[in-house]
Every structure is written in C-alpha cells, then in structure tokens.
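Spelled out from the first residue to the last, the chains are:
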Amino acid sequence: YFTHILLDEAAQALECEAITPLALADSNTRIVLAGDHMQMSPEIFSNFARERKLHVSLLERLYDHYPANFPTKILLCENYRAHEAIIKFTSELFYDQKLIASGKQPRHEKFYPLTFFTTRGEDIQDKNSTAFYNNAEVYEIVERVCELRRKWPASWGKFNDTSIGIMTPYADQVFRIRSELRKKRMAGISVERVLNVQGKQFRAVFLSTVRTRKTCTNKNEDIDYGFLSNSKLLNTAITRAQSLVSVVGDPVALCSVGRCRKVWE
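Residues numbered from 1 in each chain as written. Predicted model: local features only at pLDDT ≥ 70, side-chain atom pairs only at ≥ 80, totals over all residues. Heavy atoms only, no water.

Among the nonpolar cores identified, the biggest contains 30 residues, and Met 167, Val 194, Leu 207, Phe 227, Leu 234, Val 245 and Trp 264 are the most heavily contacted of them. At the level of secondary structure, the elements contributing two or more residues to this core comprise α4 (84-94), β8 (202-208), α7 (231-238), β9 (241-249) and α9 (261-264). Counting residues per element, this core draws most heavily on α7, which supplies 4 residues. When neighbours within four sequence positions are excluded, Phe 227 is seen to be in contact with Met 167, Thr 168, Pro 169, Val 194, Leu 207, Ser 208, Thr 209, Leu 233, Leu 234, Ala 237, Cys 260 and Trp 264. In this structure, Val 138, Ile 177, Val 191 and Val 248 belong to the second largest nonpolar core, which totals 23 residues. (Core = buried A, V, L, I, M, F, W, Y, C linked by side-chain atoms within 4.5 Å. Buried < 20%, exposed > 50% of the residue type's maximum accessible area, 1.4 Å probe, protein only. Helix = DSSP H or I, 4+ residues; strand = E, 2+ residues; numbered from the N terminus. Contact = heavy atoms within 4.5 Å.)

Next up, the structure:
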C-alpha cells in the first residue's frame, strides 16, 4: 500500500506503462500524473498501435476527458524560464492563452526573442538512412552561432558552451552541425535531436528545420516531417529557450507543408 504514487513526465509514457505503477494503488492512494500534454508524446512506430490510440498518453487522454474546470486538473500557468515574447507565442498557440511570464528574462539588444533566418537549401537523404540533412542550414547555423557569441549581451551572464542549444529532428543533421562546430573550436555546444532535450534549458536556442518542398510531396497528414508536421516537437524545442529562439529554414516549405503550417505563418 502506498499513500501517494507520483508519475513524472507522464505525457511521454505509453498508457500501458503508466498504468503499471498505478496498479499498486488502492482506494486510499493519492495519484499524481505530472507532465505537459502539449509536449513530447510516446514514440510509436507501429500503425497497429497508433490506430488503437497508443500514441496518446494517459495524461493527455484524461486531460481531454475531464472538463476545463474539473478540480483534479491543474495547469501550472506561471513560467519563470523564458522571455515574455516566447511565453506569449507558446501560450497563444498551445495553452489557450493561459500562460503568464513571471521570470523577467533579458532579451538580446539586436535579435528579437523569436527570430527567423531564411535559408533556401536542399534536404538530402543518404542511401540506407531514414534521416535527412541540409548543408545550407548547417553553415547558416554555425555562422549565426559565431555571430551570437561575438555579440553576447552582458545581461545574459558569462558565455559558455552550455549557453546555446541547437536542435533538429534528424540525427544526420546533428552529426553535420557538430562536425562544423568542431572546426570552429566550439565542440562543447549542445547539438541534439529534439527527443533528447526534454527538461533542459538554454539561454539561446537554434532550430534547424531541414526539410524543403522538394521531398515533402506526400499529402498524407500522418507523414512525419519533423518541425513541419509535429506541433508537440516544435513546442518542446521552443520552450527550452530562456531569451532567444532562432529558427533556420525554408519559410515557403514551412508555411505550405504539414500540419504545422499555420503555426509557422
């Protein structure tokens, strides 16, 4: 018998995984499912499992099941991590305008907290690889990271390699960005797939969207185009930033392909 069972990051757990510890509860146990229903969901590869809604976590299913003012549904509204402009953007798009910025994070003197750098590159998929890479975006990101390092505001504190996080949906792009940063002696900067950054935070975040219209030709809405089609992936990446989110990509592709096109607009 347990008085309390607390399940952390419950939005990332498969429903059957979440139920396993809850089986140890009885009528006197207080259960807490903690997580963000608008961020990373369980990763499902089986169409059979997806048809049976196993890509929806227990937390998300219960959140949608109960009415908005139900007493057991608690949304933590105050955010201390990010700049007000970043919070306002994510609040309007993902959280029904309920988030409040309470952290008073300083912004960059030159760059707006949500900045876009246009790169009209080409996304390439190597033989025997399921991932994509875009060399034009690799070079643009490395150049912008060098620029930000030169113009690092004093209000952001001392610069170190953990101050910047670079995120992309594809392992091949991660490999190429890391390789170019090593040439500039910045190997310590964090470059990760978005799946690996849950719970982390950075002063500035760079997102490499990779994809272009050239390969995103399938009209099936369930096809995974990374930041173009998965709003939870995008929300997870944006909310890692404290003061700056810089996106590098092809704006025409982002606004015309995938389920996230309205978000990118």
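That covers the picture; the talk isn't over yet.
Next up on the list: the packing of aromatic side chains. A complete count under the given rule lists 5 aromatic pairs for this structure. Taking 5.9 Å as the distance between ring centres and 85° as the angle between the ring planes, the aromatic pair formed by Phe 111 and Phe 117 counts as edge-to-face. The buried category is assigned to Phe 111, whose relative accessible area is 8%. Among the residues examined, Phe 117 registers a relative accessible area of 9% and is labelled buried. Plain terms: the ring middles of Trp 152 and Phe 159 are 4.8 Å apart, the flat faces sit at 80° to each other, and that makes the pair edge-to-face. In this structure, Trp 152 and Phe 159 share a single accessibility class: buried. (Phe/Tyr/Trp six-rings, centres within 6.5 Å; stacked < 30°, edge-to-face > 60°.)

Overall, parallel pairing links the 5 strands, which are arranged β5-β9-β8-β6-β7 in an open sheet. The open sheet has two edge strands with one neighbour each: β5 (114-118) and β7 (190-193). Neighbour-to-neighbour, the strand axes of this sheet turn through a mean angle of 20°, independent of strand direction. In terms of strand pairing, strand β6 (residues 164-168) meets β7 through 4 bridges, oriented parallel. Note on β7: the bridge partner recorded for Met 167 is Glu 192. (Pairing = 2+ DSSP bridges. Axes fitted to C-alpha atoms, helices over the stretch in contact; angles between N-to-C directions.)

It is worth spelling out the pairing of β6 at this point. With respect to burial, β6 is a largely interior element, 5 of its 5 residues being buried. The two faces of β6 match: Ile 164, Ile 166 and Thr 168 on one face and Gly 165 and Met 167 on the other face are all buried. Alignment of β6 against β8, held across 4 bridges, turns out to be parallel. Counted as the bridge partner of Met 167 is Leu 207 from β8. This β-α-β element, β6 to helix α6 (residues 171-183) to β7, shows right-handed connectivity. (Right-handed = clockwise from strand over helix to strand, strands pointing away.)

For the rest of this paragraph, the subject is the confidence of the model for the protein. Per-chain confidence: the protein averages 91 in pLDDT, with 98% of residues scoring 70 or above. Mean pLDDT values over the elements of the protein span from 89, in α9, up to 97, in strand β1 (residues 4-7). (pLDDT = per-residue confidence, 0-100.)

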